[in-house]
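Take a look at the letters that make up each chain.
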Amino acid sequence: MSTLDQKPTTRDEVLFEYLVRLADDRLILGQRLSEWCGHGPELEEDLALANIALDMIGHAGALYTYAAEIEGQGRDEDDLAYFRDDIDFKNLQMLEQPIGDFGYTIARQFLFSVYSYLLYSELKKAEDEQFSGMADKHLKEIRYHLRHSREWVLRLGDGTEESHRRIQDAFDDLWMYTGEMFDMDEVDRMAVEHGFGADLKQLREEWKKNVSEVIEEATLKVPRDDQYMASGGRTGFHTEHLGHMLAQMQFLRRSYPDAEWT
Amino acid sequence: MDEQKQLDAFQKRIDNGETIEPKDRMPDRYRKQLIRMMSQHAHSEIVGMLPEGNWIQRAPSLKRKKVLLAKVQDEAGHGLYIYSAVETLGVTRREVVEDYMYGNAKYSSIFNYPTLTYADICVIGWLVDGAAIVNQTMLARSSYGPYARSMVRICKEESFHKKQGYEMLAKMASGTPEQKKMAQDAVNRWWWPTLMMFGPPDDQSPNSQELIRWGVKSKTNDELRQSFVDMTVMEAKAIGIEIPDPDLKYNHETGHWDFGEVPWDEFWEVIKGNGPMNRERIRARRKAYEEGAWVREAASEYARKKRLEEEKAS
Ligand SMILES: [Fe+2]
Ligand SMILES: [Fe+2]
Ligand SMILES: [Fe+2]
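Residues numbered from 1 in each chain as written. Chains lettered and ligands numbered in written order. Predicted model: local features only at pLDDT ≥ 70, side-chain atom pairs only at ≥ 80, totals over all residues. Heavy atoms only, no water.

1. Quick notes on the overall build of chain A
Of regular secondary structure, chain A possesses 10 helices and 0 strands. Computed over its C-alpha atoms, the radius of gyration of chain A comes to 18 Å, within 12% of the 18 Å expected for a compact globule of 262 residues. Along the longest, intermediate and shortest principal axes, the C-alpha atoms of chain A span 55 × 40 × 35 Å. Here chain A, with 262 residues, has 59% of them falling under the buried criterion. (Helix = DSSP H or I, 4+ residues; strand = E, 2+ residues; numbered from the N terminus. Rg over C-alpha atoms; globule rule 2.2 N^0.38 Å. Buried < 20%, exposed > 50% of the residue type's maximum accessible area, 1.4 Å probe, protein only.)

2. Some points on the coordination of the iron ion (ligand 3)
Residues and elements named next belong to chain B. Those donors, Glu 75 (OE), Asp 129 (OD), Glu 158 (OE) and His 161 (ND1), are the protein atoms that reach the iron ion (ligand 3), and they lie 1.9 to 2.2 Å from it. In this structure, the iron ion (ligand 3) is coordinated by 4 donor atoms arranged in irregular fashion, with angles at the metal of 90 to 141°. Here the donor residues for the iron ion (ligand 3) map to a single chain with the spacing E-x53-D-x28-E-x2-H. A distance of 3.5 Å spans the gap from the iron ion (ligand 3) to the iron ion (ligand 1), which Glu 75 bridges by coordinating each metal. (Donors = N, O, S within 2.8 Å, 3.2 Å for Na, K, Ca; no water. Tetrahedral: all angles 85-135°; square planar, octahedral: opposite > 155°, others 65-115°.)

3. A closer look at the side chain of Thr105(A)
The residue Thr105(A) is located in helix 5 (residues 102-123) in this model. Every residue in contact with Thr105(A), bar those within four places of it in the chain, is listed here: Leu33(A), Trp36(A), Leu49(A) and Ile99(A). (Contact = heavy atoms within 4.5 Å.)

4. Focus: the interface of chain B and chain A
Residue-level contacts link 47 residues of chain B with 50 residues of chain A. Together, the buried faces of chain B and chain A total about 4200 Å²; carbon and sulfur atoms form 68% of this surface. When the buried area of chain B at its contact with chain A is split by residue, Gln57(B), Leu62(B) and Trp294(B) rank highest and sum to 19% of it. Linking chain B to chain A there are 3 salt bridges. A salt bridge links Arg93(B) to Glu44(A), with the shortest nitrogen-to-oxygen separation between them at 2.4 Å. At the surface where chain B touches chain A, the tally comes to 16 residue pairs in polar contact (both at pLDDT 80 or more). For the side of chain B that touches chain A, the element with the highest residue contribution is helix 4 (residues 62-87) of chain B, accounting for 14 residues. Classifying every residue of the side of chain B that touches chain A by side-chain character gives 25 nonpolar, 8 polar and 14 charged. (Buried area = accessible area lost by both parts, 1.4 Å probe. Salt bridge = Lys/Arg side-chain N within 4 Å of Asp/Glu carboxyl O. Polar contact = N/O pair within 3.5 Å; in protein donor to acceptor, adjacent residues only side chain to side chain. Nonpolar A, V, L, I, M, F, W, Y, C, P; charged D, E, K, R; others polar.)

5. Structural notes on the confidence of the model for chain B
Detailed reading of the predicted model is not advised wherever pLDDT is low. For chain B, the mean per-residue pLDDT works out to 97, and 100% of the residues sit at or above 70. The ipTM value of the predicted complex is 0.97, and its pTM value is 0.96. (pLDDT = per-residue confidence, 0-100.)

6. Brief notes about the coordination of the iron ion (ligand 1)
All names here are of chain B. On the protein side, the iron ion (ligand 1) has Glu 45 (OE), Glu 75 (OE), His 78 (ND1) and Glu 158 (OE) as donor atoms, found 2.0 to 2.2 Å from it. Its 4 donor atoms give the iron ion (ligand 1) angles of 87 to 136° at the centre, a pattern that matches the irregular case. In this structure, the iron ion (ligand 1) lies 3.4 Å from the iron ion (ligand 2), and both are coordinated by Glu 45. On the criterion of sequence distance, the pair formed by Glu 45 in helix 2 (residues 28-47) and Glu 75 in helix 4 is long-range, its members being 30 residues apart. Assigned by exposure class, Glu 45 and Glu 75 land together as buried.

7. Re the packing of helix 5 of chain A against helix 9 (residues 200-217) of chain A
Residue and element names in this part refer to chain A. For the pair helix 5 and helix 9, the least separation of the axes is 10 Å and the interaxial angle reads 140°. One way to sum up the angle between helix 5 and helix 9 is to call them oblique. You can see that helix 5 and helix 9 cross each other, and the crossing is right-handed. Of the residues in helix 9, those touching helix 5 at Phe 110, Leu 111, Val 114, Tyr 115, Leu 118, Leu 119 and Glu 122 are Leu 200, Leu 203, Glu 206, Trp 207, Asn 210, Val 211 and Val 214. Partitioning the contact of helix 5 with helix 9 into residue classes produces 11 nonpolar, 1 polar and 2 charged. (Axes fitted to C-alpha atoms, helices over the stretch in contact; angles between N-to-C directions. Parallel < 35°, antiparallel > 145°, perpendicular 65-115°, else oblique. Left-handed = near helix turned anticlockwise from the far one by under 90°.)

8. Observations regarding unusual backbone geometry
Residue and element names in this part refer to chain A. Within the chain, Thr 219 stands out as a residue other than glycine whose phi angle is a positive 65°. The residue Thr 219 is located in the loop between helix 9 and helix 10 (241-255) in this model. The class of Thr 219 is partly exposed, set by a relative accessible area of 41%.

9. Remarks on a negative patch on the surface
Residue and element names in this part refer to chain A. A surface patch of like charges, here negative, comprises Glu 205, Glu 206, Glu 213 and Glu 216. You can see Glu 206 is positioned in helix 9. Glu 206 sits in the partly exposed class, given a relative accessible area of 37%. (Patch = residues over 30% accessible without salt bridge, like charges linked within 9 Å, V, L, I, M, F, W, Y side chains within 5 Å. Areas by Shrake-Rupley, 256 points an atom, 1.4 Å probe, with all protein chains shown as cover. Lys, Arg positive; Asp, Glu negative; His and termini not counted. Charge placed at Lys NZ, Arg CZ, Asp CG, Glu CD.)

10. What to know about the nonpolar core
If you look at the biggest cluster of nonpolar residues, it comprises 185 residues, and the most contacted ones within it are Tyr18(A), Leu119(A), Phe131(A), Trp207(A) and Tyr30(B). With 16 residues, helix 2 (residues 43-71) of chain A is the single largest residue contributor to this core. Excluding residues that lie within four positions of it along the chain, Leu119(A) makes contacts with Tyr18(A), Leu22(A), Ala198(A), Leu200(A) and Leu203(A). (Core = buried A, V, L, I, M, F, W, Y, C linked by side-chain atoms within 4.5 Å.)

11. A closer look at the pattern of salt bridges
When their charged atoms lie close together, side chains carrying opposite charge are able to pair. Residues and elements named next belong to chain A. The tally for this structure, following the rule as stated, stands at 41 salt bridges over all chains. Ionic pairing is found between Asp 188 and Arg 21, a salt bridge with its closest N-O pair at 3.4 Å. Of this pair, Asp 188 sits in helix 8 (residues 186-193) while Arg 21 is found in helix 1 (residues 11-34), placing the two residues 167 residues apart along the sequence. With relative accessibility at 3%, the residue Arg 21 sits in the buried group.

This is the structure in structure tokens:
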């Protein structure tokens, strides 16, 4: 939905939009995580991050596939992933930021995993069997992502002076992107009305509580909320990083649109 | 027992087809050779993640992205698994890892070539994993138990990698003109380097005879290379791919495919460090290792603090 697109009105249009937003979050984060492959701080983390990336891209694919089915225009997961531009992508801006150091990657993964965990715990109750089943299935993997990133937040926060400083910097830098996770717009409200969306305002408190507990246990400081908060990802407003990522991700597929690859 | 008697007793166990386990007596030289060979194998799994990882972000479909990510993840697992097997010989992962990043230890020469198009990913699966299977199927019968067992498990995954690579290459080879071009070009570039993976010709391979005598290997480099060629020629034909060797010809007397001279000068250069990607690969691995130091330090410091807390509590 760029500034020019029509707003969704029917149930299916809202569901389509809702699924695509969730999928974009996961594809973009998965794409970022995959950049660690072969470059992690230790072999075990190359494996773990690749594993999480694989889950993210898998979740995205399932969501796109269902979205395309709801839309009924003959598109598939690849049409949605490869043939839309930055202004059509609806992911949170936090997820498109470059991977940074390992601390940054972990802090982002942790903030997003807590969010995903709470969100999916709601979505598994969605009044749409296919959607709720998918959320329930993915929730098991999200639980692992949460545990993995939580353990690393503790280790880095309460590890050495350097690791403490690095992960604190990461949380400070990322905080401005956390407000966007809880912005409720018309699509979110309609999704709640139709019985398949989560009330993000309600998730916020729980998220803040869970996140703060771990940050404090890691001997770190929770950044202040009264600061500039980025917003707009859900309407296709992004930072400059997304365009470069999509250029890389989409170039081969778009260069030869008639070629088959699967 | 004097040294010779010990050696004879060990040789007898090998000749009887016994498996050597970590706690068994073994000649120093056997241990050293295994450490060298196994860690070289493990390093190859890890360095091999780089050329393939180069295409994860650009994979042409979500399915291909997942397949590649899963494959590279498997290779990391192989590395980890073989490193654990090496550690049964009394060295640490850290020692052997630092030995290829900062010292003289080697990894497979094949990973010193660049991946230029997506077809390279398919060809690596088909040819490079294919060659690894030939080698590793033999090593699964190796006299050293932990190595042999690791190979059994790893071979299953390598077979899967080969199948996926071959199928995707077949698709490209019968696809659009651009796909066909990419597919053939990739095979042209990877063919000879793949044949080099089996090591130098038998008459120039200093370690081979010893490794065979000790049951670590059961076939020579040239024998392995030949069985790879025999297997691959038909696979190439089946998907309309040409093997870039004008001398390739079926020999009715031997029942094997004769092939042209491998460019050994190139091989020896690459081994010495003068290949297209040697410096870059090592630089990338060092960068990851050095930039990850603070993370590893944090993890061990955190573990130390927790141990201390537990001791205090009890
Ligand atoms: Fe492997
Ligand atoms: Fe291997
Ligand atoms: Fe493999």
